[in-house]
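Coordinates in review
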Amino acid sequence: MSVDPSGTGVAAALRRRLHPDPTVRRLAGITLVNTVGNGLSLSVAVLFFTRVLGLSAAQLGLGLTAAGLCGVIASVPAGRAADRWGARRVLVVLVSVQAVATAGYVLVHSYPAFVALACLVSAVDRGSAAVRNALYAEVLPADRRVAGRAHLRVVTNIGICLGTALGAIALQLDTRPVYLTAILADAASFVAVAVLFHRLSVPPRPSTTVRSSAVGGPTAKSGVADPSDPAGKGVKQGRRRNPALRDGPFLAVTVLNAVLCLQFAVLEVGVPLWIVQETEAPRITVAGTLIVNTLLVITLQMRATRGTEERAGAARACGRAGLVLAASCLVISVAPGLPSVLAAAVVLGGVVLQSLGEVTAQAGGWSLSYDLAGERDHGAYQGVFNAGTAAALMVGPALVSTAVIGYGTAGWVVLGALLAAAGLGMRPVVRWAGRRDASLGAA
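Residues numbered from 1 in each chain as written. Predicted model: local features only at pLDDT ≥ 70, side-chain atom pairs only at ≥ 80, totals over all residues. Heavy atoms only, no water.

Focus on the overall build of the protein chain
The cut-off we apply is this: Strands here mean DSSP runs of E at least two residues long; helices mean DSSP runs of H or I at least four residues long; both are numbered from the N terminus. Only protein chains enter the calculation, and the probe is 1.4 Å; a residue is then buried if its accessible area is under 20% of its type maximum, exposed if over 50%, and partly exposed in between. Contacts are residue-level and defined by heavy atoms, with any inter-residue pair within 4.5 Å sufficient. For accessible areas, the Shrake-Rupley method is used with a probe of radius 1.4 Å. Any residue's cover is judged against the shown protein chains and nothing else.
Check the secondary structure of the protein chain and you find 16 helices and two strands. Relative to its 443 residues, the protein chain shows a buried fraction of 52%. Pairs at least 24 apart in sequence give 83% of the contacts found in the protein chain among residues at least 6 apart. Here the protein chain displays about 20,000 Å² of accessible surface, and carbon together with sulfur accounts for 66% of that area.

With respect to the packing of aromatic side chains
Just so we agree on the cut-off: Only the six-membered ring of Trp is used, alongside the rings of Phe and Tyr, when aromatic pairs are assigned; centres must lie within 6.5 Å, and planes under 30 degrees apart are stacked while those over 60 apart are edge-to-face, with the rest tilted. Here, a charge over a ring is recorded when the distance from Lys NZ or Arg CZ to the ring centre is within 6 Å and its angle to the ring normal is within 35 degrees.
Taken as a whole, this structure holds eight aromatic pairs when the rule is applied. Through a chain of ring-to-ring contacts, the aromatic side chains of Phe 48, Phe 49, Tyr 105, Tyr 111 and Phe 114 assemble into a single cluster. Its end group placed over the ring of Tyr 370, Arg 145 keeps NZ or CZ at 5.6 Å from the ring centre.

Digging into a nonpolar patch on the surface
Which entries qualify depends on this criterion: Patches in this entry comprise residues that are over 30% relatively accessible and not in a salt bridge; like charges within 9 Å are linked, as are nonpolar side chains (Val, Leu, Ile, Met, Phe, Trp, Tyr) within 5 Å. In the sections that follow, a salt bridge refers to a side-chain nitrogen of Lys or Arg positioned within 4 Å of a carboxyl oxygen of Asp or Glu.
A grouping of Leu 32, Ile 158 and Leu 162 is seen on the molecular surface, where their side chains present a nonpolar patch of about 230 Å² in accessible area. Structurally, Ile 158 can be placed in helix 6 (residues 145-173).

Quick notes on the environment of Leu 330
Along the polypeptide, Leu 330 turns up in helix 12 (residues 311-333). Here the alpha-carbon distance between Leu 330 and Gly 416, two residues 86 residues apart in the chain, equals 7.0 Å.

Things to note about the pattern of salt bridges
In this structure the tally under the stated criterion is six salt bridges. The salt bridge involving Asp 174 is made with Arg 51; its shortest N-O contact spans 2.8 Å. A residue pair is termed long-range when its members are at least 10 positions apart, and Asp 174 in the loop between helix 6 and helix 7 (176-199) and Arg 51 in helix 2 (residues 22-52) qualify at 123 residues. Taking the shortest distance from any N to any O, the salt bridge between Asp 377 and Arg 80 comes out at 3.9 Å. Placement of Asp 377 in the loop between helix 13 (340-371) and helix 14 (378-404) and of Arg 80 in helix 3 (residues 57-85) is noted, with a sequence separation of 297 residues between them. You can call Asp 377 buried: its relative accessible area is 13%.

A few points about the packing of helix 2 against helix 7
Which entries qualify depends on this criterion: Note on definitions: angles span 0 to 180 degrees between N-to-C directions of axes, and those axes are lines fitted to C-alpha atoms, for helices only across the stretch in contact. Under this scheme an angle from 65 to 115 degrees is roughly perpendicular, one under 35 degrees roughly parallel, and one over 145 degrees roughly antiparallel; angles in between are oblique. Throughout, a crossing is termed right-handed when the near helix is turned clockwise from the far one, and left-handed when it is turned anticlockwise from it by less than a right angle. For this scheme, ten residues count as nonpolar: Ala, Val, Leu, Ile, Met, Phe, Trp, Tyr, Cys and Pro. Four count as charged, namely Asp, Glu, Lys and Arg, and the remainder, Gly too, count as polar.
Running from N to C, helix 2 and helix 7 point in directions that differ by 155 degrees, and their axes come no closer than 8 Å. Considered as vectors, helix 2 and helix 7 are oriented roughly antiparallel to each other. Relative to helix 7, the crossing made by helix 2 is left-handed. A class-by-class count of the residues in the contact of helix 2 with helix 7 yields 18 nonpolar, five polar and three charged.

A word on the confidence of the model for the protein chain
Put simply, the rule is: Summary of the metric used: pLDDT quantifies the predictor's per-residue confidence within the range 0 to 100.
Mean pLDDT over the protein chain works out to 86, with 87% of the residues at or above the 70 mark. Counting contacts from residues 1-8, a segment whose pLDDT is below 50, to residues more than four positions away or on other chains yields three contacts.

Here's the deal with a positive patch on the surface
Stated precisely, the cut-off is as follows: We treat Lys and Arg as the positive residues and Asp and Glu as the negative residues; His and chain ends play no part in the count. Where a charge sits is defined by one atom per residue type, namely NZ (Lys), CZ (Arg), CG (Asp) or CD (Glu).
A grouping of Arg 316, Arg 320, Arg 427, Arg 431 and Arg 435 is seen on the molecular surface, where their side chains present a positively charged patch. Sorting the residues of the positive patch by element identifies helix 12 and helix 16 (426-442) as the ones contributing at least two each. With three residues, the single largest contributor to the positive patch is helix 16.

Considering the nonpolar core
Across soluble globular proteins, nonpolar side chains have a tendency to be buried as a group. Going by this rule: To qualify as a nonpolar core, a set must consist of buried Ala, Val, Leu, Ile, Met, Phe, Trp, Tyr and Cys residues joined through side-chain atoms within 4.5 Å.
One finds Leu 368, Trp 412, Leu 415 and Met 426 to be the most contacted residues of the largest nonpolar core, which totals 50 residues. Listing elements by their share of this core, those giving two or more residues are helix 9 (248-260), helix 10 (263-278), helix 12, helix 13, helix 14, helix 15 (409-424) and helix 16. Apart from residues no more than four positions distant in its own chain, Leu 415 is found in contact with Leu 262, Val 266, Cys 329 and Val 404. In terms of nonpolar packing, the next biggest core, distinct from the first, is built from 29 residues, Ala 81, Val 95, Ala 99 and Val 193 among them.

Notes on the side chain of Gln 301
Short version of the rule: Counted as a polar contact is a pair of N or O atoms within 3.5 Å, where, for protein atoms, one must be capable of donating a hydrogen and the other of accepting one, and residues adjacent in sequence contribute only when both atoms are in side chains.
Structurally, Gln 301 can be placed in helix 11 (residues 284-304). For Gln 301, a relative accessible area of 0% corresponds to the buried category. Only 2.5 Å separates the side chain of Gln 301 from the side chain of Arg 153, close enough to count as a polar contact. One polar contact links the side chain of Gln 301 to the main-chain carbonyl oxygen of Val 359, over a distance of 3.0 Å. In this structure Gln 301 touches Ala 150, Arg 153, Val 154, Leu 296, Val 359, Gln 362, Ala 363 and Trp 366, once residues within four positions along its chain are discounted.

Encoded structure:
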């Protein structure tokens, strides 16, 4: 077969859609393998745990809650381990453990064994997420990290969709061997991901700052001022303790970002419950909301990173996101009492707003998580930041299903006000960080 020299063939068209950065392309390939497996596993998990393992709904809920707590706790030490031994090395270990633990589900025959294994899986999953974000900081230049992560989030949504489609086949067949095969396929995807991460090229780690200059600030081992850490946070905050846990502005950003991450519980739990219990919208609207959200994230996430390169722009983006998310809550809240078609249209309109706020909040949060950390202790800072996100993902479903759905319109209004306040709160925190860095630089 002859090669198309004009560059207008299918292969050329596919190449044009690939990211121009070879490192991002490699990370995208790893992400695709990982998320296809995750989508397959997530789509069959509930039925596997209840129909194959024989767990009750209450047992499953309690076990997953305990697992979520383990995930929150694991993020911080996993990040510190990445700083000590290298993000790639730690990530390969964690993903390998996740492969073995996931495969272990097929051998579970008791509830205590399920809870223990679920806690292990959640711990290594959340730990891997923190270390993975630290690895991105090591392999991607500072000015391209947020855009790179946006590209990977697009790939994540594509992979989840593909995996969910495979899961739909498993659900239709609905047999024990098929469910076991789906779980083992997810475990196999982790093996492949571990191998691919092991083969990923990582630049040498920078020299550690060990002393401060009276005039020029922190100095590296070479005695030259380190431009990557102009405020000297690595020195002035102490190297033996976790610097992220002693960084007030960063902790504040982590908390505010965790509040914004309640948006995921809104889409996954709040909107479906609201549609089914409180509105006349057809139940198929639930699937429609997920489709709309996925398509908008795939389409808009890269664009949402524009203007977030600097911390001030990232803070403004978070503020806009909070307001849009608040507007989404208000729109969704008015759906009860409307005719079925109009109710469905209103809910879908609210989900469009929620998706716009989601991509903007994610871009702003990523940027601030890297910018406020500087170029040091990526694992420590990403571990703490990821712990905040994990906490929101753990408490979000219960909070939304009780405090929001339980109180109807008033619950949506309060949630909207909370999201708006979290987004708008980023700007004063960023100004606080600027004053802190200026005082450290002058010291």
